[in-house]
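Chains, contacts and geometry: an overview
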Amino acid sequence: MGGCGTTAGEGSPSTPVDQALKAEPHDGISDLLIVDLSKNSLTGSLPSSLGGLTGLLKMDLSNNLLQGSIPPELAGLKSLTLLDLRNNSLTGGLPQFVQGMASLQDLLLSNNPQLGGALPQSGWETLAANLATLDLSNVGLVGAIPASMAALTGLRFLALDHNRLTGAVPPQLAQLPSIGALYLNGNNLTGALQFSAGFYQRMGRRFASWDNPGLCYNIAAVDTAHAPSGVVVCKDLQRQEPSVARDEEEGGRKPEASSSVAASSASS
């Protein structure tokens, strides 16, 4: 482990994550800037000792076999800009303390299907200045999408697809000034989409809301040329056939959130 980061090679045998961290030299560990232990078949729970890496800027533990909840000690990482825990088996919901991590630019938790919980209904303002990427797809979210997420004025990429979200889609999301990709497909959202034709035209396939059987759009407000793909006209909703997944039909999976340690480091 160097003075500014630790990197472990791909294809390592399964190793408990606490042992992987203990195996590194301890001199200057609190001065680490980057921890990249992705794709190492790490097992066990995230150790609370990670909260002691107070100078850390980027943490990538994605693509492992990690379990358990995200430890509250991570709240002490006040300088953290990237937290990538994608493709693990974490549980315990999205921790409230994450909303206080004002330096976060990329929060990537997708494909932790048992994470569960609901989106916080308030408190997003702290993340407004810096958060650009929020990937919470396929994490078992329930409940409604809060309109307060419109406070994330720097957000460029928001993925909430393939969860169990319910209720209406807040029209305030279209007012996010920097939003360039919004994925809501594969939920149980209902009601009429309230976005303008200009929003659909600008977003194109970077807006996805198909596979929400109770969702519709108002043809009086949006012409068919700019209608959201895979969503029925509201007057036809009662006649709608059971929905099927549309990922392949509509051009394949959404693009991966491009916020790996390597990509983020290039812009640091």
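Our structure is the block above this text.
Below is a summary of the structure that appears in this document. (Residues numbered from 1 in each chain as written. Predicted model: local features only at pLDDT ≥ 70, side-chain atom pairs only at ≥ 80, totals over all residues. Heavy atoms only, no water.)

**Considering the overall build of the protein**
Condition: Strands are runs of DSSP state E lasting at least 2 residues, helices are runs of H or I lasting at least 4, and numbering of each runs from the N terminus. Only protein chains enter the accessibility calculation, which uses a 1.4 Å probe. A residue is then buried if its area is under 20% of the maximum for its type, exposed if over 50%, and partly exposed in between. Throughout, a contact is declared for two residues whenever any of their heavy atoms are within 4.5 Å. Values of accessible area rely on a 1.4 Å probe in the Shrake-Rupley scheme; residue burial ignores everything except the protein chains shown.
Secondary structure assignment for the protein yields three helices and 18 strands. The buried share of the protein, reckoned over its 268 residues, is 46%. Excluding contacts between residues fewer than 6 apart, the proportion of contacts in the protein whose partners are at least 24 apart in sequence is 60%. Carbon together with sulfur atoms contributes 51% to the accessible area of the protein, which is approximately 11,800 Å² in total.

**Describing the environment of Leu 173**
For Leu 173, the location among the structural elements is in the loop between strand E13 (164–167) and strand E14 (181–183). Each C-alpha atom, one on Leu 173 and one on Thr 153, is 9.9 Å from the other, the two residues being 20 residues apart in sequence. Contacts of Leu 173, omitting those with residues within four sequence positions, involve Ile 145, Met 149, Ala 150, Ile 179, Leu 182 and Phe 195.

**A word on the pattern of salt bridges**
Put simply, the test is: Salt bridges are defined by distance alone: a side-chain nitrogen of Lys or Arg within 4 Å of a carboxyl oxygen of Asp or Glu.
A complete count under the given rule lists one salt bridge for this structure. Residue Arg 86 pairs with Asp 84 through a salt bridge whose shortest N-O separation is 2.7 Å.

**A short note on the state of the cysteines**
The following threshold applies: The criterion for a disulfide is a pair of cysteine sulfur atoms lying within 2.5 Å.
For the structure shown, the criterion picks out one disulfide. Covalently, Cys 216 is tied to Cys 234 through a disulfide, its sulfur atoms 2.2 Å apart. With the S-S bond torsion at 85°, the cross-link from Cys 216 to Cys 234 turns out right-handed. In this pair, Cys 216 is assigned in strand E17 (residues 214–217) and Cys 234 in the loop between strand E18 (232–233) and helix H3 (261–266), connecting sequence segments 18 residues apart. Cys 216 sits in the buried class, given a relative accessible area of 5%.

**Some points on the sheet that holds E17**
Sheets are built from strands that pair by backbone hydrogen bonding, the pairs being arranged parallel or antiparallel. Stated precisely, the cut-off is as follows: A pair of strands is labelled paired if DSSP reports no fewer than 2 bridges between them.
Taken in spatial order, the five strands of this open sheet run E11-E13-E15-E17-E18, and their pairing is parallel. The sheet is open, and its two edges are formed by strand E11 (142–143) and E18, each paired on a single side.

Fair warning: the whole summary comes from geometry, so function is off the table for now.
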